[in-house]
Number of protein chains: 2
Amino acid sequence: MAGSFQTVKGFRDFYPEQMALRNYLVDAWRRVSIRNGFVEYEAAMLEYLDLFRVKSGEGIVSELFSLVDRGGRELAIAPEITPSLARMINARIGGLPRPIKWFSIPHVCRAENPQKGRGREFYQWNVDVVGSDEVLADAECIFTLVDLLAELNLSPADAAVFLSSRSLLAAALASVGVANEKHEAVLPVLDKRDKVPPEAFEEMALKAGLEAAQIDRLRRFQDSTTLAEAIGYLEPTDAVATARAALEEVLKLLGAMGAGDYVKLDLHVVRGLAYYTGVVYEAFDSGRALRALAGGGRYDNLLELLGGPKIGATGFGMGDIVLGILLAEKGKLPDFAERCDCFIIDAGEGMFDDALAIVAELRRAGLAAGFSYKRQALGKQLRAAGQKGAAIAVIVGQELRDRGEVVVKDMATGEQAPVARAELARELQSRPRGLAR
Amino acid sequence: MAGSFQTVKGFRDFYPEQMALRNYLVDAWRRVSIRNGFVEYEAAMLEYLDLFRVKSGEGIVSELFSLVDRGGRELAIAPEITPSLARMINARIGGLPRPIKWFSIPHVCRAENPQKGRGREFYQWNVDVVGSDEVLADAECIFTLVDLLAELNLSPADAAVFLSSRSLLAAALASVGVANEKHEAVLPVLDKRDKVPPEAFEEMALKAGLEAAQIDRLRRFQDSTTLAEAIGYLEPTDAVATARAALEEVLKLLGAMGAGDYVKLDLHVVRGLAYYTGVVYEAFDSGRALRALAGGGRYDNLLELLGGPKIGATGFGMGDIVLGILLAEKGKLPDFAERCDCFIIDAGEGMFDDALAIVAELRRAGLAAGFSYKRQALGKQLRAAGQKGAAIAVIVGQELRDRGEVVVKDMATGEQAPVARAELARELQSRPRGLAR
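Residues numbered from 1 in each chain as written. Chains lettered and ligands numbered in written order. Predicted model: local features only at pLDDT ≥ 70, side-chain atom pairs only at ≥ 80, totals over all residues. Heavy atoms only, no water.

## Considerations on the sheet that holds strand E4 (residues 74-77) of chain A
All names here are of chain A. Using the following cut-off: DSSP bridges decide pairing: two strands pair if at least two such bridges lie between them. Under the scheme used here, helices are H or I runs from DSSP no shorter than 4 residues and strands are E runs no shorter than 2 residues, and both carry numbers assigned from the N terminus. The axes used here are C-alpha line fits, helices contributing only the stretch in contact, and every angle between their N-to-C directions lies in the interval 0 to 180 degrees. Contacts are assigned to residue pairs that have any heavy atoms within 4.5 Å of one another.
Judged by pairing direction, the sheet is antiparallel, and its 3 strands sit side by side in the order E2-E4-E3 without closing on themselves. At either end of the open sheet lies a strand with only one pairing partner, and these are strand E2 (46-48) and strand E3 (66-68). Taken pair by pair, the neighbouring strands of this sheet meet at an average axis angle of 35 degrees, ignoring direction. Pairing of E2 with E4 involves 3 bridges; the strand directions are antiparallel. Note that in E4 the partner of Leu46 across the bridge is Ile77. In the packing of helix H2 (residues 49-56) onto the sheet, contacts are made with E2, E3 and E4, and the angle to E2 comes to roughly 65 degrees.

Structure (structure tokens):
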């Protein structure tokens, strides 16, 4: 059974150093969500498998970690949170004031083969606005994503959001004469264009029913760097004009919010999932060396598909793995260290219980107070304090009995001074803590 | 497929109000752990099923949510974290300075029937010291548990830790003449004593091989309120003396740490699991109306059982469900509210982009800044600010164009005053925030 003592392939153990990174990302996600007016929720750990079948079809089943419980029910660990979000909102649709601005940080699982930036499980920050058809909701989600990048010290030179529109893509297909019934086959081809060689794209496009002239126009349309240029390759239909106006409005709102530098038009962005209906976007490292950092868009039909009302919805998801890799590569991670504000040392016979009482009191006052399990000489305990990275050592010796004082030593400067026992907690609370550096 | 849109039985959705409670508990667990010198880890989401078989025997399998992956491997969602902790530490045993003081807050699953205080999934705070044989390690874990109770405003009149010792129980059994090979059958009977009627206990005890006189002595021993009284019912063996001294030392250390009020001797505590070897304890509400809040003890053989060295280990687990029920019943929960520090209002034609720029700037400065998606009259927007619980409204009107000023309104007092646009973020940061009340 030796194999049973291994970590399951594609899954991660979080030793303290990895846990510190995860907490750093999760804390930033939570902080940015809250200041942008989103409230946190989380869906049940397991869902009925059918929830994912309804949204994504039978094909999803092979990509899930699923199980049958003792009652014979087919359950699965969620591969994404959006179906659960729709289920939860549909269940309380009458009682939730709109717009519903929610975020979540679920641990999701996908039965894929592990690759760089892609495990079989990851944490995914999800930010959604449900119950609003306004492009303002799309803009606020994208602003929140940009706010996170800035919060983690990623500049527009490090990472950016690439913006497109499913409604504009649909209007574009229609305007160059692609019949509606072909769109479902054509959109995934346009989505894959950046990931395959030009000849392979052409072959796929022909197979999906596009003509050579259509392929050429759509290629120029996708490659355009401005919206005006892109529109120039299309017939001027009402649908094109409406979709263009909506996309321009999102760009204008993001400009007003000072996020313009982080947002670039990129009509290569299509998003694989069938359920998007409006603005879509992906965030990438600017070198485009890694997988997507985040992806999202508007999905106005999902809640209805899952038994609820027809109601506007928009949002995005961002995983922890690629983000962690990018921050490490860019040298933007802080130095994670165990927190030890002070280290309490017993100096002299019979002082240990006094030292322990001080440890307890300081901890109750909110300070991370360490001490040595072994009764050792002062020098050894000071070394232990240094190894723990303690900013301060508190030496509990005969002075306590004689004058009610302990000695406080600054571990960086070596300076030491007596402090009244009764004042110790207050005195140490007023000093800078040995927080994670 | 309507059933697929339900929450799976025994699993919880965390709507914002439940999520706020969970975050409140998790934050307290994390804060108390860190100040007591523990560092956070987390094990992989799925484990090989054999890991749990090795620790708990084949019987555990029916209590697990298990699955077979595409490679035919038997995997399971962990029902507890201790086997994973042992696996992770064993894998790095050479590189971890001891004592290893780790904590974790895993989401665990058990295929049980849901009852009050017991779902099929829960969050469990785990605090462990590995690599120390000292009772100081046991005492520090118990202090950390007590520190958590105090941190959540639970007094000794609300909840307490009930302390016992597996080594003392084993010595007691031996001293009254129960052969070693019977201990494994007898300990679970002693563990169940509080949960069954006296006659049922007697019957189980006889069946486990105890004689009537032994049952009587062990009953008196367990019912003793002081260690001295309990020892009086036993033969004075060396094992009894050693186990007594260790237990007295733990009580003395906890006394020195000021935690004595929360800790009571209770020899009815046995703990169901076979793997405990020393001090054991459970925390309960003082009315004993609910299930255990926490349970733990010393387990010196587990790492070796899971392929590692023979190395001392001690720790406890505490679930979120019973703790949440107790805090609610005692009225010790804060009022969880969505955080909205300020609400930005556009007053007048063409001011919305300016309002949005202010929203963005305040959020980047760390303030939770709300605004209305709808362009409405000032009065309606002020009402929206009130509904969001905003402490402050910022009115962006013609003053901005005329004098570079906005109007800041205190929503509680109704007072309002102009503030220079350039000073706004600093001004609002200096005010008390609309934090979760």
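The rest of the description comes next.
## Focus: helix H8 (residues 212-223) of chain B
Residue and element names in this part refer to chain B. Quick note on the threshold: Here the expected span of a helix is defined as 1.5 Å times the quantity of residues minus one. Relative accessibility decides the category of a residue: with a 1.4 Å probe and only protein chains considered, values under 20% of the type maximum give buried, values over 50% give exposed, and everything between is partly exposed. Working note: the arc is built from the helix axis to C-beta atom directions.
With 12 residues, H8 should cover 16 Å at 1.5 Å per step; its first-to-last C-alpha distance of 17 Å lies within 8% of that length. Within H8, burial applies to Gln214, Ile215, Leu218, Phe221 and Gln222. All buried residues of H8 lie within an arc of 125 degrees about the axis, which places them on one face of the element. Facing away from the buried side of H8, by more than 90 degrees, are the exposed residues Ala212 and Ala213.

## Here we look at the interface of chain B and chain A
Put simply, the rule is: Two parts placed together each lose some accessible area; with a 1.4 Å probe, that loss summed over both constitutes the buried area. The term salt bridge refers to a side-chain nitrogen of Lys or Arg lying within 4 Å of a carboxyl oxygen of Asp or Glu. Polar contacts, as counted here, are pairs of nitrogen or oxygen atoms within 3.5 Å of one another; within protein the pair requires one atom able to donate a hydrogen and one able to accept it, and residues that are adjacent in sequence qualify only if both atoms are side-chain atoms. Three residue categories are used. Nonpolar comprises Ala, Val, Leu, Ile, Met, Phe, Trp, Tyr, Cys and Pro, charged comprises Asp, Glu, Lys and Arg, and polar comprises the others, including Gly.
Facing the 94 residues of chain B at the interface are 95 residues of chain A. Between chain B and chain A, a total of about 8200 Å² is buried, with carbon and sulfur atoms accounting for 61% of that surface. Where chain B packs against chain A, one counts 14 salt bridges. Its salt-bridge partner being B:Asp13, residue A:Arg87 comes within 2.8 Å of it at the nearest N-O pair. Our enumeration of links across chain B and chain A arrives at 36 residue pairs in polar contact (both at pLDDT 80 or more). Here the side of chain B that touches chain A takes 9 residues from helix H1 (residues 16-35) of chain B, the largest share from any one element. Looking at the side of chain B that touches chain A residue by residue, the class counts come to 50 nonpolar, 14 polar and 30 charged.

## Regarding the pattern of salt bridges
Considering all chains together, one arrives at 82 salt bridges over all chains under this definition. Residue B:Arg87 pairs with B:Glu47 through a salt bridge whose shortest N-O separation is 2.7 Å. Note that B:Arg87 is positioned in helix H3 (residues 82-91) and B:Glu47 in strand E2 (residues 46-48), a separation of 40 residues in sequence. Residue B:Arg87 is classed as buried on the basis of its relative accessible area, which comes to 3%. In this structure B:Glu47 comes out as buried when scored by relative accessible area, which is 0%. Three or more residues joined by partner-sharing salt bridges are found here, namely A:Arg31, A:Arg35, A:Asp147, A:Glu151 and B:Arg364.

## Some details on the state of the cysteines
Our working rule: A pair of cysteine sulfur atoms is labelled a disulfide when the two atoms are within 2.5 Å.
Tallying each qualifying case throughout the model produces 0 disulfides over all chains. Left unpaired, B:Cys342 is separated from the closest cysteine sulfur, that of B:Cys340, by 6.5 Å.

## Points about the relation of the copies chain B and chain A
Spelled out, the test is: When the copies are overlaid, the least-squares fit takes in C-alpha atoms only where the residue has pLDDT of at least 70 in both copies.
Least-squares fitting of chain B to chain A yields an RMSD of 0.0 Å, with the transformation described by 0.0 Å of translation along the axis and a rotation of 180 degrees. Those values place the two copies in the arrangement expected of a two-fold rotation axis. Closest to the rotation axis within chain B is the C-alpha of B:Leu67, separated from it by 2.6 Å. Here 100% of the contact residues of chain B are again contact residues in chain A; the copies associate through an equivalent surface.

## Structural notes on the pairing of strand E8 (residues 159-165) of chain A
Residues and elements named next belong to chain A. Buried residues dominate E8, accounting for 7 of its 7 residues. Residues Ala159, Val161, Leu163 and Ser165 point to one face of E8 and Ala160, Phe162 and Ser164 to the other, with burial holding for every one of them. Bridge count between E8 and strand E10 (residues 279-285): 7 bridges; the pairing is antiparallel. Across the sheet, residue Ala159 finds its bridge partner in E10, namely Asp285. For E8 and strand E9 (residues 263-265), the ladder comprises 3 bridges, and the chain directions are parallel. Residue pairing in the sheet places Phe162 in a bridge with Lys264 of E9.

## Structural notes on the packing of helix H6 (residues 180-192) of chain B against helix H7 (residues 198-207) of chain B
Residue and element names in this part refer to chain B. The condition is simple: Our angle categories are set so that under 35 degrees counts as roughly parallel, over 145 as roughly antiparallel, 65 to 115 as roughly perpendicular, and the remainder as oblique.
Axis separation between H6 and H7 bottoms out at 9 Å; the angle between their running directions is 175 degrees. Taken together, the axes of H6 and H7 lie roughly antiparallel to each other. Across the interface between the two elements, Val189, Leu190 and Lys192 from H6 touch Phe201, Met204 and Ala205 from H7.

## Let's talk about the confidence of the model for chain A
Keep this limit in mind: Think of pLDDT as the predictor's per-residue confidence, scored from 0 to 100.
Of all residues in chain A, 98% have pLDDT values of 70 or greater, and the mean over the chain is 94. Reported confidence for the predicted complex is 0.95 by ipTM and 0.96 by pTM.

## Quick look at H3(B)
Residues and elements named next belong to chain B. Within H3, 9 of the 10 residues are buried, which leaves the element mostly enclosed by the surrounding structure. Three or more residues of H3 are buried, namely Thr82, Pro83, Ser84, Leu85, Ala86, Arg87, Met88, Ile89 and Asn90. Its buried side turned inward, H3 meets E2, helix H2 (49-56), strand E5 (100-104), strand E7 (121-130) and helix H11 (302-305).

## Brief notes about the environment of B:Thr314
All names here are of chain B. With respect to the helices and strands, Thr314 occurs in strand E12 (residues 313-319). Each C-alpha atom, one on Thr314 and one on Gln6, is 40 Å from the other, the two residues being 308 residues apart in sequence. Those residues in contact with Thr314 that lie beyond four places of it in its chain are Val127, Asp128, Val129, Ala137, Asp138, Cys141, Gly297, Arg298 and Tyr299.

## As for the domain arrangement of chain A
Where we set the bar: These domain boundaries are the output of an automatic or database domain assignment.
Split into domains, chain A comes out as domain 1 (12-43 + 78-329) and domain 2 (342-429). Measuring from the centre of the C-alpha atoms in domain 1 of chain A to the corresponding centre in domain 2 of chain A gives 53 Å.

## So, empty space enclosed by the protein
Short version of the rule: Grid points spaced at 1 Å over the protein atoms alone were grouped into cavities, where a 1.4 Å probe fits but cannot get out, and pockets, open sets with protein on both sides within 12 Å along at least five of seven lines, with lining residues defined by an atom within 4 Å of a point. Grid points are joined across faces, edges and corners, and a volume is the space filled by probe spheres set on the points.
Scanning the model with the defined rule gives 4 cavities of 30 Å³ or more in all. The volume enclosed by the largest cavity comes to roughly 660 Å³. For the largest cavity, the lining is made up of 37 residues, of which A:Glu42, A:His107, A:Tyr123, B:Arg22 and B:Tyr123 are closest to its centre. Those elements that provide at least two residues to the lining of the largest cavity are helix H1 (16-35) and strand E6 (107-109) of chain A together with H1 and strand E6 (107-109) of chain B. Take the lining of the largest cavity: its biggest share by element is 6 residues, from H1(A). Of the residues in the lining of the largest cavity, the class split is 23 nonpolar, 5 polar and 9 charged.

## Describing the packing of H2(A) against helix H3 (residues 82-91) of chain A
Residues and elements named next belong to chain A. Remark: H2 packs on H3, axes separated minimally by 10 Å, with the N-to-C direction vectors making an angle of 105 degrees. Comparing the axis directions of H2 and H3 gives the class roughly perpendicular. Each of Leu51, Phe52 and Lys55 in H2 lies in contact with H3, whose residues at this interface are Pro83, Ser84 and Arg87. Of the residues contributing to the contact of H2 with H3, the split by class is 3 nonpolar, 1 polar and 2 charged.

## Description of the sheet that holds strand E13 (residues 342-346) of chain A
Residue and element names in this part refer to chain A. As summarised here, the arrangement of the 5 strands in space is E14-E13-E15-E16-E17, forming an open sheet in which the pairing is mixed. With partners counted over all chains shown, the strands left at the sheet margins are strand E14 (369-371) and strand E17 (416-420), one partner each. Across this sheet, the average inter-strand angle for adjacent strands is 30 degrees, counted without regard to direction. Of the strand pairs in this sheet, strand E16 (residues 405-410) and E17 are connected by 5 bridges, and their pairing is antiparallel. Within E17, the residue paired with Val408 across the bridge is Ala417. Those strands touched by helix H14 (residues 378-387) are E13, strand E15 (392-396) and E16, and its axis lies near 170 degrees from that of E13.

## A short note on the side chain of A:Asp191
Residues and elements named next belong to chain A. Among the structural elements, Asp191 can be located in helix H6 (residues 180-192). Given a relative accessible area of 12%, Asp191 falls into the buried group. Polar side-chain contacts of Asp191 include one of 3.3 Å to the backbone nitrogen of Arg271.

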